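Single-letter residue listing:
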Amino acid sequence: MTFAHDTAEALESGVFLSNSELEPDTLTSYDELVEFFDRFGYTGDRPVAADLEPVRAIRTPLRRLFLASRDDAVPQINTILAEQRALPQLVRHGDVDWHIHATSDDQPLDVRILVETAMAMIDVIRADELQRFSQCAMDDCEGVVLDLSRNRSRKYCTVTCTNRAAQAAFRARQSED
């Protein structure tokens, strides 16, 4: 299943954010928050320094959502949407054609992230595609993996873990010789 561009982008940003709390924590400064905002093309008010802690606080709930079963994810999504008073509407901005936003651009960044991620997860639930989420295959990593590939072969959360696995496999082959 191919997800709409805004769905895939919201899922990717949510997974990136949830993984940012793993060691080493990669969201500890205002500059890193701005970099995240720019990287994932969020619209609306740019983050201010006061946005950092609320955004950091939603990482664990996002991680729980991504690793939940389908039936356990639904009440989490519904709670997010109800608490944030989400009101879905079609919007178009920049180079992006019509897509859904469910909160206004002037809401705090953590609210926009939560609502956009919850809206994206609706598509995942409806398509019964929750198996696109898993935990990183590295033994010492708890990262969330979002696999949007056709053959569903992604096993690692980041290039770093992929490289570590390749190095370990190489070393294992070398020791066999």
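Refer to the structure presented above.
Model, not experiment: these values are computed from the prediction. (Residues numbered from 1 in each chain as written. Predicted model: local features only at pLDDT ≥ 70, side-chain atom pairs only at ≥ 80, totals over all residues. Heavy atoms only, no water.)

A pair can form between side chains of opposite charge whenever their charged atoms are brought close. Under the defined criterion, the tally for this structure stands at nine salt bridges. A salt bridge links R46 to D38; its shortest N-O distance comes to 2.7 Å. As a salt-bridge pair, D140 and R164 come within 2.6 Å of each other at their nearest N and O atoms. Of this pair, D140 sits in the loop between strand 3 (133–135) and strand 4 (144–146) while R164 sits in helix 7 (residues 159–176), and the two are 24 residues apart along the sequence. In the salt-bridge network here, residues are joined through shared partners; they are D25, E53, R56 and R59. (Salt bridge = Lys/Arg side-chain N within 4 Å of Asp/Glu carboxyl O. Helix = DSSP H or I, 4+ residues; strand = E, 2+ residues; numbered from the N terminus.)

Another aspect to go through is helix 2 (residues 30–39). It helps to recall that an α-helix has 3.6 residues per turn; residues three or four apart then point in one direction. Those residues of helix 2 lying buried are L33, V34, F36 and F37. End-on view of helix 2: buried residues confined to an arc of 160°, all on one side of the axis. Those residues of helix 2 that are exposed and aimed more than 90 degrees away from the buried face are D31, E35 and R39. Its buried side turned inward, helix 2 meets helix 1 (5–19), helix 3 (52–57) and helix 6 (109–126). (Buried < 20%, exposed > 50% of the residue type's maximum accessible area, 1.4 Å probe, protein only. Arc of directions from axis to C-beta. Contact = heavy atoms within 4.5 Å.)

The tally for this structure, following the rule as stated, stands at six aromatic pairs. Judged by centre distance (6.1 Å) and plane angle (15°), the ring pair of F16 and F36 falls under stacked. With F16 in helix 1 and F36 in helix 2, this residue pair connects regions lying 20 residues apart in the sequence. Here the aromatic rings of F66 and F133 are separated by 5.0 Å at their centres, their planes lie at 10°, and the arrangement is stacked. (Phe/Tyr/Trp six-rings, centres within 6.5 Å; stacked < 30°, edge-to-face > 60°.)

Looking now at unusual backbone geometry. Cis geometry is adopted by the peptide bond preceding P24, which originates at E23 and carries an omega value of -5°. Tracing the backbone through its elements, the reader meets P24 in the loop between helix 1 and helix 2. Here R85, not a glycine, exhibits a phi torsion of approximately 55°, which is positive. Note that R85 resides in the loop between helix 5 (70–83) and strand 1 (89–93). Residues other than glycine seldom take positive phi values, yet R152 does so here, at roughly 50°. Among the secondary structure elements, R152 is positioned in the loop between strand 4 and helix 7. Accessibility expressed as a relative area gives 36% for R152, which makes it partly exposed.

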